[in-house]
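Observations on chain architecture
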Amino acid sequence: MRLIESVVAGEVRNLAQRSASAAREIKALIKNSVDAVAQGSKLVYESGTTFDELMQSIAEVSKMVADIDNAGKEQAEGIAAVSTTIAQMDNITQQNVTLVETTSRSGRNMENQAKLLTDQVAFFRLDE
């Protein structure tokens, strides 16, 4: 009976040692899992922070694009106004050219009429 007790006691000891070893392995696995979860949580938090910064940057870029768009529209309106003014000035210049040509023709006509009148008056001139 002692032999059986000694064999059973040996098996119980082996089983206890294997249980203790398995418990240590499980403890290490749990610690690794907890560490991995903590690291994952840290990465998720950092990703959230990075995402918030990215969203702020996108908002800033969006505002800049809107400002550029507004400035472009203002410049286009200014260019249109300048173009309209130049077209009006061109029209006025063309009118002035027409008036100068008309005035020049009138001046030549008056000069011709003055010569004719001078010639006609010379006919009536009395010699002293």
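Structural notes, computed from the coordinates. This is a predicted model, so every value here is computed, not measured. (Residues numbered from 1 in each chain as written. Predicted model: local features only at pLDDT ≥ 70, side-chain atom pairs only at ≥ 80, totals over all residues. Heavy atoms only, no water.)

**Section: the overall build of the chain**
Worth spelling out the cut-off: Numbered from the N terminus, helices here are DSSP runs of H or I no shorter than four residues, and strands are runs of E no shorter than two. For this measure, only C-alpha atoms enter the radius of gyration; the expected value for a globule follows 2.2 Å times N^0.38, where N is the number of residues. Exposed residues in this analysis have more than 50% of their type's maximum accessible area, buried residues have under 20%, and partly exposed residues fall in between, with area computed by a 1.4 Å probe over protein chains only. Using a 1.4 Å probe, accessible areas were evaluated by the Shrake-Rupley method; residue-level cover was limited to the displayed protein chains. Asp and Glu count as negative and Lys and Arg as positive, but His and the ends of the chain are not part of the count. Positions of charges follow a simple convention, taking NZ of Lys, CZ of Arg, CG of Asp or CD of Glu.
Scanning the chain from N- to C-terminus turns up 1 helix and 0 strands. A compact globule built from 128 residues would reach a C-alpha radius of gyration of about 14 Å, whereas the chain, at 54 Å, exceeds it by more than 25%. With the C-alpha coordinates of the chain rotated into their principal frame, the extents come out at 185 × 15 × 15 Å. Out of the 128 residues belonging to the chain, those deemed buried represent 1%. For the chain, the computed accessible surface area is about 11800 Å², with 63% contributed by carbon and sulfur atoms. Charged side chains of the chain number 13 positive and 18 negative; the gap between the two group centres comes to 19 Å.

**Notes on the environment of serine 21**
When you line up the elements, serine 21 lands in helix α1 (residues 2–123). Between the C-alpha atom of serine 21 and that of glycine 107, which follows or precedes it by 86 residues, the distance is 125 Å.

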